[in-house]
Amino acid sequence: MRILFHAIGTKPGPWVDGLRAALPDADVDAWAPGAAPADYAVVWAPPQQLLDEQPRLQAIFNIGAGVDALLPLRMPAQTLLVRLDDAGMSVQMAEYVCQAVIRHVRELDVYERATREGQWSFRKPLAREDFPVGVMGLGVLGTRVAQALRQFEFPVRGWSRSPKQLDGVRCFAGDGELDAFLAACRVLVCLLPLTPQTDGILNRRTLGRLQRGGYLVNVARGGHLVEDDLLALLDEGQLAGATLDVLRQEPPPPEHPFWRHPKITLTPHTSARTDRDASIAQIAGKIRALRRGEPVAGVVDRARGY
Ligand SMILES: NC(=O)c1ccc[n+]([C@@H]2O[C@H](COP(=O)([O-])OP(=O)(O)OC[C@H]3O[C@@H](n4cnc5c(N)ncnc54)[C@H](OP(=O)(O)O)[C@@H]3O)[C@@H](O)[C@H]2O)c1
């Protein structure tokens, strides 16, 4: 069995070594143009050339949860496309989103600014009941985030394509229930995959349906957000602020207004990083299962886009 590794912006050495250790009977190499035919590829944002040169791949393993960079590429219909299934990301996402929501509701940003200016003064605490949090996308990551928010006793709502039942979470499903979901939220967390249906879904119309003084946490993809709409809604006071981990252009150009906007907290796409060891263990386990002829979790439905 032969495996190729290629991930843009990532040194291949530790991945290749890790895959060799996890699959001692495999021949594992970093991909280079003209590489000998392989059975599996482990990739992040590969060039079209890799797929064109490797038409016999049985499966392509994406070392992230979102496959929006892979789906536009041409690849044989029979090649399985497999995403990471948590692999250490959901706990990071839960940490990140809970801190963003708590920081806003406990006004920790306001306190930090005040103490830096030498002020030691208290504010009337806000009630978490007044901050229902809506999670868009109740998949591997969204479900974990919704459950973590429940632990802090926030009212939690969720929205997905197909109907769901989650303990303590009021669930909405499909386009028909989107407006009712939004109207029931003051804080909105986006954990959707980026697909033609969800591109630009965070816009003036949808964000305008949130309860006034709403707050946005986008940890999914920059393409979900219409950036000018966010700026206008912040100016108008419909939204109180936003925490953004992802942007349409990463990094944004130096003149981008989000860098220094007083109501926007920006982080460099770091809310849930790929955990190399956990990912290698998961991918190796799936390769072994596929070789035994067993099904694996995390196979992408290409028509659906995630
Ligand atoms: N910032 C970061 O560091 C980072 C890290 C990892 C992942 N991400 C992003 O997070 C996304 C979610 O990851 P995941 O593992 O939770 O994905 P997932 O398990 O595939 O879950 C996706 C969820 O979105 C719902 N959904 C998809 N299209 C929809 C639509 N048109 N309308 C309503 N709901 C829709 C799905 O509904 P159903 O349940 O009905 O199918 C599902 O609940 C990834 O795609 C990626 O873009 C970001």
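Shown above is the structure to which this text applies.
In this text the structure is predicted, and so the values were computed from the model without any measurement. (Residues numbered from 1 in each chain as written. Predicted model: local features only at pLDDT ≥ 70, side-chain atom pairs only at ≥ 80, totals over all residues. Heavy atoms only, no water.)

(A) Local environment of the overall build of the protein chain. Looking only at helices and strands, the protein chain has nine helices and 12 strands in total. Radius of gyration (C-alpha) of the protein chain: 21 Å, near the 19 Å computed for a compact globule of 306 residues. Taken over the C-alpha atoms alone, the protein chain extends approximately 65 × 45 × 30 Å along its principal axes. Out of the 306 residues in the protein chain, the part that is buried amounts to 48%. If you take every contact in the protein chain between residues at least 6 apart in sequence, the share linking residues at least 24 apart comes to 61%. Positive and negative charge centroids in the protein chain, built from 36 and 35 side chains respectively, lie 2 Å apart. (Helix = DSSP H or I, 4+ residues; strand = E, 2+ residues; numbered from the N terminus. Rg over C-alpha atoms; globule rule 2.2 N^0.38 Å. Buried < 20%, exposed > 50% of the residue type's maximum accessible area, 1.4 Å probe, protein only. Contact = heavy atoms within 4.5 Å. Lys, Arg positive; Asp, Glu negative; His and termini not counted. Charge placed at Lys NZ, Arg CZ, Asp CG, Glu CD.)

(B) Spatial organisation of the pairing of strand β6 (residues 133-136). Because side chains alternate across β6, one face comprises the buried residues Val-133 and Val-135, and the other comprises Gly-134 and Met-136, equally buried. As judged from the four bridges shared by β6 and strand β7 (residues 156-160), these two strands associate in the parallel manner. In the strand pairing of β7, Val-135 is matched with Gly-158. A crossover connection joins β6 to the parallel β7 through helix α5 (residues 140-151); in handedness this β-α-β unit is right-handed. Inspection of the sheet shows β6 paired to strand β9 (residues 187-190) by four bridges, in the parallel sense. Bridging across to β9, Gly-134 finds its partner in Leu-188. (Pairing = 2+ DSSP bridges. Right-handed = clockwise from strand over helix to strand, strands pointing away.)

(C) Focus on the packing of helix α3 (residues 89-105) against α5. One can describe the packing of α3 onto α5 by two numbers: an axis separation of 8 Å at closest approach and a directional angle of 45 degrees. It follows from the interaxial angle that α3 and α5 lie oblique. Here the hand of the crossing between α3 and α5 comes out right-handed. Contact residues: Met-89, Ser-90, Val-91, Met-93, Ala-94, Val-97, Cys-98 and Val-101 in α3; Val-140, Leu-141, Arg-144, Val-145, Ala-148 and Leu-149 in α5. (Axes fitted to C-alpha atoms, helices over the stretch in contact; angles between N-to-C directions. Parallel < 35°, antiparallel > 145°, perpendicular 65-115°, else oblique. Left-handed = near helix turned anticlockwise from the far one by under 90°.)

(D) Just the nonpolar core, in detail. Judged by nonpolar contacts, the single largest core of 50 residues is most densely connected at Val-101 and Leu-149. Sorting elements by how many residues they give to this core places α3 first, with nine residues. Each of domain 1 (2-87 + 274-291) and domain 2 (90-266) contributes no fewer than three residues to this core. In this structure Leu-149 touches Val-97, Cys-98, Val-101, Val-133, Val-135, Phe-154 and Val-156, once residues within four positions along its chain are discounted. Counting 28 residues, the second-largest nonpolar core is a separate cluster that includes Phe-172, Leu-182, Leu-216 and Leu-233. (Core = buried A, V, L, I, M, F, W, Y, C linked by side-chain atoms within 4.5 Å. Domains from an automatic or database assignment.)

(E) Summary view of the pairing of strand β3 (residues 40-44). Most of β3 is tucked away: four of the five residues are buried. With five bridges connecting them, strand β1 (residues 2-7) and β3 associate as parallel partners. The partner of Ala-7 across the bridge, within β3, is Trp-44. Across four bridges, β3 lies against strand β4 (residues 59-62) in parallel orientation. Bridge pairing in β4 places Ala-41 opposite Ile-60. Once you follow β3 into helix α2 (residues 48-53) and on to β4, the crossover reads as right-handed.

(F) Inspection of the packing of aromatic side chains at higher detail. All told, the structure shown has four aromatic pairs when counted by the stated rule. With 6.3 Å between their ring centres and 20 degrees between their planes, Trp-159 and Phe-181 make a pair best called stacked. Taken as a pair, Trp-159 in strand β7 and Phe-181 in helix α6 (residues 178-183) lie far apart in primary sequence, 22 residues in all. Using a relative accessible area of 0% as the deciding quantity, one classes Phe-181 as buried. The structure contains a cluster of three or more aromatic residues connected by ring pairs, namely Trp-159, Phe-172 and Phe-181. If you follow Arg-186 out to its NZ or CZ, it ends over the ring of Phe-131, 4.0 Å from the centre. We note Arg-304 situated over the ring of Tyr-306; from NZ or CZ to the ring centre the distance is 3.8 Å. (Phe/Tyr/Trp six-rings, centres within 6.5 Å; stacked < 30°, edge-to-face > 60°. Lys NZ or Arg CZ within 6 Å of the ring centre and 35° of its normal.)

Read these as geometric descriptors, not functional statements.
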